[in-house]
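# Secondary and tertiary structure notes
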Amino acid sequence: MRDFSYLRATSVEEAISAAAMPATMLLAGGTTLLDLAKCGVAEPERVVDISHLEGLDAIHVDAKGATIGALARMSRVASDEAIKAHFPAVSEALWQAASAQIRNMATIGGNLLQRTRCAYFRDPVTFPNCNKRNPGSGCAAVTGVNRNHSVLGGNSACIATYPGDLAVALTALDAVVHLGDRQVPIDDFFLLPGSTPDKEHAMRPGEIITAISIPASPVARHSTFLKVRDRQSYEFAAASAAVGMDLAADGRTIRDIRVAIGGVATKPWRLRAVEDALRGKALEPDTVKQASRLAIEGAVDHGANHYKIELAPRVVERAILKLGAAA
Ligand code: FAD
Ligand code: SF4
């Protein structure tokens, strides 16, 4: 691990100006950054500690929606009564992420910016070929061990899966990322790899995440997050789905629906085709099954990850039917 200098920021302004310096990284909960520094993927010259900054950890919920400070801890947001009542998919996604110890340390801002779990990316000594870590060096995963890699959004430059759970729920619920005064819809915040897989999000140099906001809506209030993984706890998603649904008074007609999936794409993946196919329709198992197949439109597998093409629509279908049954 490379030596770095450590600065404990005393204000948001100081953190922003320090973050603009070259080779500088912010430290929030540290549960991702320190792992990446230890394995040689992150090599900051300066680390700016923002973990204690006042005013960035507030959770505020009112009739318009929720605003969650970037430094709010995962566990606090997950157990917040107003978040549970008005944005259940957010609480459920957080509860199913990582472990209790990590959730107690990790922050919302750091969670959004976690990096892929691609084993080639995390082992620079053994695997030099990784376009995300070392642009132009190639992608070891395309022809390598890729069981956990994406089937949507990738290309020959990079097929790494975005691993987080929270961002999937936030994508379904049209959240907005606050970068100080600039606000970016979450679907635009995460970038496709294209020819620059090292560039993962829309932040500009020197910007920091200050908060996320989620608009209140009937779909947000009646939402859920379903995660399927190799083991029931402490594991990243093989496939996940966040669904918000507003049913008409008859309890059957889908007035509005939002769906996003995780674990199968290079970024949190909004499923507008599935939404369009279900809006205005009756909540019937066959209709939901047909619509859920649209989840993997355009999917490309790389052999070992073929199962995700089968799994993703089933997870979407199950999440929608589970939510419908709970109405
Ligand atoms: P840090 O490590 O402090 O920071 C992460 C990155 O974000 C760094 O680059 C840092 O510079 C940057 N950063 C932090 N805050 C800001 C900010 N406000 N503005 C700009 N940049 C910022 N996650 C899941 O979703 N699901 C899982 O199942 C899951 N399982 C896990 C299992 C293990 C064993 C581990 C180690 C992690 C797991 N995680 C999982 C990831 C975990 O949720 C993240 O490590 C955590 O949320 C990161 O938050 P942090 O505050 O510790 O970030
Ligand atoms: Fe690197 Fe992406 Fe290829 Fe993994 S999938 S080796 S992160 S370029």
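So, here's what we can say about the structure. In this text, all values refer to a predicted model and were calculated from it rather than measured experimentally.

Calculation rules
Residues numbered from 1 in each chain as written. Chains lettered and ligands numbered in written order. Predicted model: local features only at pLDDT ≥ 70, side-chain atom pairs only at ≥ 80, totals over all residues. Heavy atoms only, no water. Near = heavy atom within 4 Å. Polar contact = N/O pair within 3.5 Å; in protein donor to acceptor, adjacent residues only side chain to side chain. Areas by Shrake-Rupley, 256 points an atom, 1.4 Å probe, with all protein chains shown as cover. Helix = DSSP H or I, 4+ residues; strand = E, 2+ residues; numbered from the N terminus. Nonpolar A, V, L, I, M, F, W, Y, C, P; charged D, E, K, R; others polar. Pairing = 2+ DSSP bridges. Axes fitted to C-alpha atoms, helices over the stretch in contact; angles between N-to-C directions. Contact = heavy atoms within 4.5 Å. 1 Å grid on protein atoms, 1.4 Å probe; cavity = no way out; pocket = protein on both sides within 12 Å on 5 of 7 lines; lining within 4 Å. Points joined across faces, edges and corners; volume = space filled by probe spheres on them. Buried < 20%, exposed > 50% of the residue type's maximum accessible area, 1.4 Å probe, protein only.

## Regarding the site of ligand 1
Neighbouring residues of ligand 1: 32 residues in total, closest Leu 26, Gly 30, Thr 31, Thr 32 and Thr 107. Between an oxygen atom of ligand 1 and a side-chain N or O atom of Asn 111, the distance comes to 3.1 Å. Gln 114 is positioned such that a nitrogen or oxygen atom in its side chain is 3.2 Å from an oxygen atom of ligand 1. The protein chains hide 93% of the 980 Å² of surface that ligand 1 would expose on its own. Among the secondary structure elements, those contributing two or more residues to the shell around ligand 1 are strand E2 (24–27), helix H2 (33–38) and helix H7 (108–112). Partitioned by chemical class, the residues of the shell around ligand 1 number 18 nonpolar, 10 polar and 4 charged.

## Digging into the sheet that holds strand E3 (residues 46–49)
Read across the sheet, 3 strands follow the order E1-E3-E2 without closing on themselves; strand pairing throughout is parallel. The two strands at the open ends of the sheet, each matched to only one other strand, are strand E1 (5–8) and E2. Each neighbouring strand pair of the sheet contributes to a mean axis angle of 25 degrees, computed without reference to strand direction. Across 4 bridges, the pairing between E1 and E3 is parallel. By the bridge assignment for E3, Leu 7 is matched with Val 48. Docked against the sheet, helix H1 (residues 12–19) engages E1, E2 and E3, running at close to 145 degrees with respect to E2.

## Points about empty space enclosed by the protein
Taken as a whole and assessed by the stated rule, the structure comprises 2 cavities of 30 Å³ or more. What lines the largest cavity is a set of 20 residues, among which Lys 132, Tyr 162, Leu 191, Glu 200 and Thr 266 lie closest to the centre. Of the residues belonging to the lining of the largest cavity, the class tally is 11 nonpolar, 5 polar and 4 charged. Of the volumes computed, that of the second largest cavity is approximately 90 Å³. Considering the residues around the second largest cavity, the lining is formed by 17 residues, among which Cys 118, Cys 130, Asn 131, Cys 139 and Cys 158 are closest to the centre. Looking at the lining of the second largest cavity residue by residue, the classes come out as 11 nonpolar, 5 polar and 1 charged.

## Overview of the pairing of strand E11 (residues 254–262)
Taken across its 9 residues, E11 has 8 buried, putting it largely inside the fold. Both strand E10 (residues 239–247) and E11 contribute to a ladder of 8 bridges, which runs antiparallel. The partner of Met 245 across the bridge, within E11, is Ile 257. The loop that links E10 with its antiparallel partner E11 comprises 6 residues; one of these, Gly 251, has a positive phi angle of about 75 degrees. What sits between E11 and strand E12 (residues 269–270) in their antiparallel hairpin is a turn of 6 residues, with Gly 263 showing a positive phi close to 80 degrees.

## Some thoughts on unusual backbone geometry
Phi at Ala 98 is positive, roughly 55 degrees, even though this residue is not glycine. Inspection of the secondary structure assignment puts Ala 98 in the loop between helix H5 (88–95) and helix H6 (100–105). A residue is classified by how much of its surface remains accessible, and Ala 98, at 26% relative accessible area, is partly exposed. At Asp 174, a residue that is not glycine, the phi angle is positive and equals roughly 60 degrees. For Asp 174, the location among the structural elements is in the loop between helix H8 (166–172) and strand E6 (176–179). We classify Asp 174 as partly exposed; its relative accessible area is 31%.

## Description of the sheet that holds E11
The strands making up a sheet are joined through hydrogen bonds of the backbone, oriented either antiparallel or parallel. On the basis of which strands lie adjacent, the open sheet formed by 4 strands has the order E9-E10-E11-E12 and antiparallel pairing. Only two strands of the sheet have a single partner each, and these edge strands are strand E9 (223–228) and E12. Here E11 runs beside E12; their pairing, made up of 2 bridges, is antiparallel. Bridged to Ile 261 within E12 is Trp 269. Set on the sheet, helix H13 (residues 307–325) makes contact with E9, E10 and E11; between it and E10 the angle comes to about 35 degrees.

Nothing here speaks to function; it is all geometry.
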